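Here are the chains, one letter per residue:
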Amino acid sequence: MEPAGMDYFCEQVQQKDVGRRMQVGQELLEYVGDPARSPDVEQDQQRLDKVIDELTAWVNSSNFKVRL
């Protein structure tokens, strides 16, 4: 299933499960790396800010795999 967009990622980055975080992290990298798939990234600044705030928490995670 193709991710729906920033709405999808905004919900998914809040997951606490390490395995799910790693999967969502990879999906997010692929999504933002392809401008054709991610036209809404620049249009929805508030949602993008929320995703980035959640990713900041990942960087501070005690799990080294999530931090990477």
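Refer to the structure presented above.
Bear in mind the structure is a predicted one, so any value in this text is a computation, not a measurement. Along every chain, residues carry numbers that run from 1 in the direction the sequence is written. For a predicted model such as this one, the threshold for reporting local features is a pLDDT of at least 70, and the threshold for listing and counting side-chain atom pairs is 80 or more; totals across whole chains, interfaces and linings nevertheless cover every residue. Only hydrogens and water are set aside; all other atoms, that is, all heavy atoms of the structure, feed into the side-chain values.

(A) Representation of the packing of aromatic side chains. Aromatic pairing here means that ring centres of Phe, Tyr or Trp (its six-membered ring) are within 6.5 Å. Orientation follows from the plane angle: under 30 degrees is stacked, over 60 is edge-to-face, and everything else is tilted. Tallied over the full model, the rule gives 2 aromatic pairs. Taking the centre distance of 5.0 Å and the plane angle of 80° together, the rings of Y8 and F9 count as edge-to-face. In this pair, the class of Y8 matches that of F9, namely buried. With centroids separated by 5.1 Å and ring planes inclined at 45°, the aromatic side chains of F9 and Y31 adopt a geometry described as tilted. Taken together, the residues span a long stretch of sequence, with F9 in helix 1 (residues 6–12) and Y31 in helix 2 (residues 18–33) at a distance of 22 residues. With respect to burial, F9 and Y31 carry one shared label: buried. Grouping aromatic residues by their ring pairs yields a cluster made of Y8, F9 and Y31. For the exposure calls, accessible area comes from a 1.4 Å probe over protein chains only, and a residue counts as buried if that area is under 20% of its type's maximum, exposed if over 50%, partly exposed in between. The helix count covers DSSP runs of H or I at least four residues long, the strand count covers runs of E at least two residues long, and both are numbered beginning at the N terminus.

(B) Up close: the pattern of salt bridges. Any carboxyl oxygen of Asp or Glu within 4 Å of a side-chain nitrogen of Lys or Arg constitutes a salt bridge here. Following the criterion strictly, the structure yields 2 salt bridges and no others. Of the charged contacts, one joins R47 and D7 as a salt bridge, the two residues approaching to 2.7 Å between their closest N and O atoms. Of this pair, R47 sits in helix 3 (residues 45–59) while D7 sits in helix 1, placing them 40 residues apart in sequence. For R47, a relative accessible area of 29% gives the class partly exposed. With a relative accessible area of 43%, D7 lands in the partly exposed category. A salt bridge links E27 to R20, with the shortest nitrogen-to-oxygen separation between them at 4.0 Å. Both residues of the pair, E27 and R20, belong to the buried class.

Keep in mind these numbers describe shape, not what the thing actually does.
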